[in-house]
Amino acid sequence: MENNVDVDPAVLHVLESASHPFVSYDSAGSALVAAFQSAVSVAQPHLEPLAAAFFFRLKDDGSFDGSFMGAPANPWPRDVAEVPADTRRVWLTYASEAIHPMLRARLRHLLWVARDKGGDCRPIDHLRAAVEEYRRAVPLLLAAEGPLATVSRWKAMVALRTAHELAISTRQPTLSDIVTEMVDLAKSALDWPEAAPGVVGAVVDALIGHKEHHDILRPLVEQAASQYEDPHVRISFLTNLRQMEADAEGQRMVDERISDTYATHAERLGGFGKLLCLEEAAAHARGAGLMEKYEPFQRQQQALTAEDLKLSSIRMPMELPPGFLEDAAAVIDAAADVGEALAAIAAVCPDLPPAEGDGGEEAGLERFTERPEGLVELLSHPVATPPTKAQSLARAFRAYWERDDEVGQLSATARERAASAREAIVSTSADVRVRGRRTAGYAVLQARSQVCDVAYVRASSVLLRRAEAGRRPPMRLPRPLPVGAAAPSWWVEAVRRSGAVWRKIPVPGPERQLGLPPDHPDVGAVAHHARLLGASRQARGVRGASALYETYGSSRALKGTWVPAGLRIRPGKEEETSRMHTDRFEVWQRTRAYGDAVQTLLTEWHTDNAR
């Protein structure tokens, strides 16, 4: 297809005015629209197609989305592929005549996406021209001064990033030069008067996914992580640095730097911000397996007081008539049941009649034995308290009356069901050995046993944390599914792959806050089993870990069969590998031991408080 479109000097003048200085493609398009509305008829056929070009927006996936409407009777297409051939010929003409390289780059980029074959150009020629024009635009954008300087610097980074995306999509020979230019731009950004971590971060994000660029990126990321003092910016670059670390030891060192950054920032903060920063620090340390840092973060959080958090109490003063509480207690003591007591209080609130009788040894609503189910009917009201709310209120009454007397029994369901599952597994295992093969029932019971063990350790951990904080036990605790004889295979596989036990492993610490002597054997037992569980978590990724295993030989084809490379334990790592395998596979036994130790400790703690 020949290109027989002649350049219009008036259109070139409009393009030059719209691009000096270059602000954005939208502003250039708006200038063309304004010129189109007042242009002579000769220039009109060129101005509108060019305006439409600059109102196409480049999306993250490399495609364009048009927003230029044009005449209502004949709207412009939103897809570049639907643009008419006459319009593409106009783009091709001005792609080599426009003054500013950013305009030329956009026109060439659109022609590449449209796979235009007009004139003597192939589609790949448009791509190469677009890459070069984006690169030529960078010095002009960086030279901008005044209010546009900051925006132009960002656009220079975007231009290089777009050139990189185009070059890498077709493996252009200029790719390595573009990468060098991007890194040089990011290094220069470190010295700009105004901090520009966004420019540096955008360059790193564009290149870090390609391992061949890690060597050139590492010094840049190290300098950025050291130079920028904002904790979130620094942590972002440290996270990039961790992504480039190949071995576990290097990743651990970066994780320690991230934790130290959180800790340093927390010390600078006050109030609720310090608590939130410590929470982020603890979450990162736990996720990275840095238990030696996780526990101090937890203790710092627990040591914060209301004064440290700068919290203000909101009080609603309420005055009761003199003697109201005493008269109410007397009415409750004289009532025959909880319904009569509640009705008397609600009906005559300020004018309670004096009642005779001491009500026996128990006083107050505690002496009534109604369960929460029986209270729902008494507390329900069609408008104020529907049955769902009444049920929650009834349970709250029941929890208040019961105090903490049965806290040691609250996780009994989880413990009993876990024991039942394990007994069933033992029985099934014996049957499997006799018949010499595994059965589907064994896998089901094993999965259900794991669900029960996770519920047991979660329940024990919840009770211990609530006791440490001086709070009542929750109304509901984690409940395992009942043990059955069959389950769908997808359910068994989901349990096996869920990793729930690794996410619910507790840490040492709460047991020391119950007021018992530090050398108390029950306190030591809970801490010991928590540390063993921590060792199991750290050993979770032992299989195939690069620090313990190495490959030998090479993958090859042997007699038509593909033989992969071998995997063996590194010399001198045999004992460590064996220990970590043991730690990993004993996690289930250790969850049960931890739960039993917590129950023993809580029983001792309640007994000690009752004395």
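Residues numbered from 1 in each chain as written. Predicted model: local features only at pLDDT ≥ 70, side-chain atom pairs only at ≥ 80, totals over all residues. Heavy atoms only, no water.

A.B. asks: It is not clear to me how the nonpolar core should be interpreted in this structure. Could you clarify?
C.D. replies: One recurring pattern in soluble globular proteins is that nonpolar side chains are buried together. Core analysis: the largest hydrophobic core is formed by 99 residues, its most contacted members being Leu15, Leu50, Phe54, Trp91, Tyr134, Val200 and Phe237. With 8 residues, the single largest contributor to this core is helix H8 (residues 175-189). Dropping the residues within four chain positions of it, Phe54 is found in contact with Leu15, Tyr25, Asp26, Ala28, Gly29, Leu32, Leu103, Arg106 and Leu107. In this structure, Leu464, Ile505, Leu514 and Val523 belong to the second largest nonpolar core, which totals 18 residues. (Core = buried A, V, L, I, M, F, W, Y, C linked by side-chain atoms within 4.5 Å. Buried < 20%, exposed > 50% of the residue type's maximum accessible area, 1.4 Å probe, protein only. Helix = DSSP H or I, 4+ residues; strand = E, 2+ residues; numbered from the N terminus. Contact = heavy atoms within 4.5 Å.)

A.B. asks: Help me understand the packing of aromatic side chains, please; the structure alone is not making it clear to me.
C.D. replies: The relation between two aromatic rings is expressed through the spacing of the ring centres and the mutual angle of the planes. Scanning all chains against the criterion turns up 6 aromatic pairs. Between Phe22 and Tyr25, the ring centres sit 5.2 Å apart and the planes meet at 75°, which makes this aromatic pair edge-to-face. Look at Phe22 and you get buried, because its relative accessible area is 5%. Taking 6.1 Å as the distance between ring centres and 55° as the angle between the ring planes, the aromatic pair formed by Phe68 and Trp76 counts as tilted. Phe68 gets classed as buried once you look at its relative accessible area, which sits at 13%. Trp76 gets classed as buried once you look at its relative accessible area, which sits at 16%. Grouping aromatic residues by their ring pairs yields a cluster made of Phe22, Tyr25 and Phe54. A cation over a ring is seen here: Arg106 above Tyr25, with NZ or CZ 3.9 Å from the ring centre. (Phe/Tyr/Trp six-rings, centres within 6.5 Å; stacked < 30°, edge-to-face > 60°. Lys NZ or Arg CZ within 6 Å of the ring centre and 35° of its normal.)

A.B. asks: Explanation requested: the packing of helix H6 (residues 123-142) against H8 in the structure shown.
C.D. replies: When two helices pack together, their arrangement is given by the angle between the helix axes and the distance between those axes. At a minimum axis separation of 12 Å, H6 and H8 run at an interaxial angle of 20°. Relative to H8, the element H6 lies roughly parallel. In this structure, H6 meets H8 at a crossing whose hand is left-handed. Contacts between H6 and H8 pair Val131, Arg135 and Leu142 from the former with Asp177, Ile178, Glu181 and Leu185 from the latter. Residue composition of the contact of H6 with H8, grouped by class: 4 nonpolar, no polar and 3 charged. (Axes fitted to C-alpha atoms, helices over the stretch in contact; angles between N-to-C directions. Parallel < 35°, antiparallel > 145°, perpendicular 65-115°, else oblique. Left-handed = near helix turned anticlockwise from the far one by under 90°. Nonpolar A, V, L, I, M, F, W, Y, C, P; charged D, E, K, R; others polar.)

A.B. asks: Mind showing me how you'd approach H6 here?
C.D. replies: Residues spaced three or four apart along an α-helix point in a common direction, a consequence of the helix completing one turn every 3.6 residues. For H6, built from 20 residues, the straight-helix expectation of 28 Å at 1.5 Å per residue is met to within 8% by its first-to-last C-alpha distance of 30 Å. Along H6, the positions that sit buried rather than exposed are Pro123, His126, Leu127, Ala129, Ala130, Val131, Glu133, Tyr134, Arg135, Ala137, Val138 and Leu141. Those residues of H6 that are buried are in contact with helix H2 (25-37), helix H4 (85-95), helix H5 (101-113), helix H7 (149-169) and H8. (Expected span 1.5 Å × (residues − 1).)

A.B. asks: Can you walk me through the pattern of salt bridges in this structure?
C.D. replies: Charged atoms that come close allow side chains of opposite charge to pair. The full count for this structure, using the stated rule, is 16 salt bridges. For Arg135, the salt bridge is made with Glu132, and the minimal N-O distance between the two is 3.2 Å. Of the two residues, Arg135 and Glu132 are both situated in helix H6; the distance of 3 residues between them amounts to about one turn of the helix. Given a relative accessible area of 17%, Arg135 falls into the buried group. Judged by relative accessible area, Glu132 falls into the partly exposed class, the value being 27%. A salt bridge links Glu222 to Arg257; the nearest nitrogen and oxygen atoms lie 3.4 Å apart. Of the two residues, Glu222 is situated in helix H10 (residues 214-227) and Arg257 in helix H12 (residues 248-268); the sequence distance between them amounts to 35 residues. Each of Arg104, Glu133 and Arg136 takes part in one network of salt bridges that share partners. (Salt bridge = Lys/Arg side-chain N within 4 Å of Asp/Glu carboxyl O.)

A.B. asks: How do you make sense of the environment of Lys274 when you look at a structure like this?
C.D. replies: Structurally, the position occupied by Lys274 is in helix H13 (residues 272-287). For the pair Lys274 and Gln301, spaced 27 residues apart in the sequence, the C-alpha separation amounts to 8.7 Å. Non-local contacts of Lys274, meaning those with residues more than four positions away in its chain, are made with Ala266, Glu267, Leu269 and Leu304.

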